[in-house]
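# Coordinate inspection notes
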Amino acid sequence: PTLQNSDKVLINRIAYMLASPKEGDVIVFLPNGNENSHLYIKRVVATPGDVVHIQNGRLYVNGLIEENTKIAYDKMIDAGIAANPIVLGLNEYFVLGDNRNSSEDSRTADIGLIKKEDIKGRAWFFLGESGFGFIK
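Conventions used here
Residues numbered from 1 in each chain as written. Predicted model: local features only at pLDDT ≥ 70, side-chain atom pairs only at ≥ 80, totals over all residues. Heavy atoms only, no water. Buried < 20%, exposed > 50% of the residue type's maximum accessible area, 1.4 Å probe, protein only. Helix = DSSP H or I, 4+ residues; strand = E, 2+ residues; numbered from the N terminus. Pairing = 2+ DSSP bridges. Salt bridge = Lys/Arg side-chain N within 4 Å of Asp/Glu carboxyl O. Core = buried A, V, L, I, M, F, W, Y, C linked by side-chain atoms within 4.5 Å. Contact = heavy atoms within 4.5 Å.

## Brief notes about the pairing of strand S5 (residues 58–61)
The alternating pattern of S5 places Leu-59 and Val-61 on a buried face and Arg-58 and Tyr-60 on a face that is not buried. Adjacent in sequence and paired antiparallel, strand S4 (residues 51–55) and S5 are bridged by 2 residues, among which Asn-56 carries a positive phi angle near 55 degrees. Pairing of S5 with strand S6 (residues 64–65), which is carried by 2 bridges, proceeds in the antiparallel orientation. The residue bridging Tyr-60 from the neighbouring strand is Ile-65, located in S6.

Shown next, in the form of structure tokens:
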């Protein structure tokens, strides 16, 4: 987990004009395109065409269990809408917070799947009480 609630984040707003988000990217978006909402910052774990399923607290993408050697995630207590397999449509992304048991993300109906047009950019750099640096 990189970011804290009080951190300031710089957003690369042109990153996805030329390319699409990929797995592992940290994106900034408005849930369901709601202009009255605050911006959310989450990590992309699945991209268009992928099948997402959370079973026994673990993330499966296209039938394979997530294996991320950089970050050790706790088992998820609540699978939410991903308790059953979800097939992502064209321009849809599934996002999770790095602190998965304290995150409002694609598992909740309020956030759900993220459409490309609702993505404001890629989180690029942060500055906070714990320090500063590039977001990976």
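That shown, we press on.
## A look at the sheet that holds strand S7 (residues 86–87)
Spatial strand order, S6-S5-S4-S7: 4 strands in an open sheet with antiparallel pairing. With partners counted over all chains shown, the strands left at the sheet margins are S6 and S7, one partner each.

## Here we look at the pattern of salt bridges
Taken as a whole and assessed by the stated rule, the structure comprises 7 salt bridges. In this structure, Asp-25 engages Lys-22 in a salt bridge whose closest nitrogen and oxygen atoms are separated by 3.3 Å. Judged by relative accessible area, which is 48%, Lys-22 ranks as partly exposed. Measuring nitrogen to oxygen at the nearest pair gives 3.8 Å for the salt bridge that ties Lys-120 to Glu-35. Remark: Glu-35 occurs in the loop between strand S2 (26–29) and strand S3 (40–46) and Lys-120 occurs in strand S10 (residues 119–128); sequence separation between them is 85 residues. Among the charged side chains, a network of salt bridges with common partners joins Lys-22, Asp-25 and Arg-122.

## Description of unusual backbone geometry
For Asn-56, which is not glycine, the phi dihedral falls at a positive 55 degrees. Tracing the backbone through its elements, the reader meets Asn-56 in the loop between S4 and S5. Assessed through its relative accessible area of 66%, Asn-56 is described here as exposed. Backbone geometry at Asn-91 places phi at a positive 65 degrees, although glycine is not the residue there. Residue position: Asn-91 is located in the loop between S7 and strand S8 (92–96). Exposure remark for Asn-91: the relative accessible area of 33% places this residue in the partly exposed category.

## Quick word on the nonpolar core
Judged by nonpolar contacts, the single largest core of 13 residues is most densely connected at Val-52, Leu-59 and Phe-94. Elements with a minimum of two residues in this core: S3, S4, S5 and S8. Not counting chain neighbours up to four residues away, the residues in contact with Leu-59 comprise Val-45, Val-52, His-53, Ile-54, Leu-64, Ile-65, Glu-66, Met-76, Leu-96 and Arg-100. In this structure, Phe-29, Tyr-40, Val-95 and Ile-111 belong to the second largest nonpolar core, which totals 10 residues.

## Here we look at the environment of Asn-91
Sequence spacing of Asn-91 and Tyr-40 is 51 residues, and the spatial spacing of their C-alpha atoms is 18 Å. Setting aside chain neighbours within four positions, we find Asn-91 in contact with Pro-48, Ile-114, Lys-115 and Lys-116.

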